[in-house]
Amino acid sequence: MTEPIALEFTVSAPPERAFLVWTDECSRWWPQSHSMTGQSGFEVVFEPRAGGRIYEIGADGSEHDWGEVEIWEPPQRLRYAWYIFLEPERATTVEVTFVPDTDGTRVRLVNSGFEVFGDGAGDRVMRVGSAWDGIAGEYRRSVG
């Protein structure tokens with residue numbers, strides 16, 4: 001079994017705000033370099049329910065699937081199949097939890113299921129882990 005990527009950090013906002021920024025305001029902090037279109041003016045949509053799509057709307061109106069919501073429990077928990085840049089059959093799982101903390105909210109992200117990449121799983125974990133580090137930094141700055 002390949003070890004999952006796990007990040008944990010605190011943001012200075014209540015869980016309701018932290019969850020909202022992750023889902024409804026993702027377009028504000030998600031890096032353009034990690035979008036499907038690679039162009040400015042894109043929007044990220046989380047359909048707010050289990051079974052909902054996660055997708056990008058490009059500035060030209062094109063839609064690009066990123067994943068599918070599996071668990072939608074605002075403001076505590078969100079889990080989704082994640083396949084941005086991949087086929088859905090190669091999805092990993094991202095789970096994000098939002099726990100009240102004395103300094104705001106403790107956010108924990110776990111990205112697992114890299115076994116779908118077979119012998120390349122270790123390399124994939126290293127690349128994706130590095131990407132999540134940067135993306136999480138953008139999120140933390142956006143939460144304020």
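Above this text is the structure in question.
Right, let's walk through the structure included here.

Criteria and thresholds
Residues numbered from 1 in each chain as written. Predicted model: local features only at pLDDT ≥ 70, side-chain atom pairs only at ≥ 80, totals over all residues. Heavy atoms only, no water. Pairing = 2+ DSSP bridges. Helix = DSSP H or I, 4+ residues; strand = E, 2+ residues; numbered from the N terminus. Core = buried A, V, L, I, M, F, W, Y, C linked by side-chain atoms within 4.5 Å. Buried < 20%, exposed > 50% of the residue type's maximum accessible area, 1.4 Å probe, protein only. Contact = heavy atoms within 4.5 Å. Expected span 1.5 Å × (residues − 1).

## Notes on the pairing of strand β5 (residues 77-82)
- Sheet topology places strand β4 (residues 63-73) next to β5; six bridges connect them, and they run antiparallel. Note that in β5 the partner of Glu68 across the bridge is Ala81.
- Count of turn residues in the β4/β5 antiparallel hairpin: three residues.
- Sheet topology note: the β5/strand β6 (residues 92-101) ladder contains six bridges and is antiparallel.

## Points about the nonpolar core
- Membership of the largest hydrophobic core comes to 38 residues, with the highest contact counts inside it found for Trp22, Trp30, Phe46, Tyr80, Trp82, Trp132 and Tyr139.
- Element by element, the count of residues in this core is highest for helix α3 (residues 121-143), at eight residues.
- Ignoring anything within four residues of it in the chain, the contact list for Tyr80 reads Trp22, Phe46, Ile54, Glu68, Val69, Glu70, Thr92, Thr93, Val94, Val96 and Trp132.

## A closer look at α3
- Counted at 1.5 Å a residue, the expected span for α3 with its 23 residues is 33 Å, and the 31 Å between its end C-alpha atoms agrees.
- Looking at the packing, one finds that the buried side of α3 touches β1 (5-11), α1 (15-23), α2 (26-29), β5, β6 and β7 (104-112).
- Where α3 ends, the next residue or the one after it, Gly144, has phi of about 80°, a positive value.

All quantities given are derived from atomic positions and should not be read as evidence of function.
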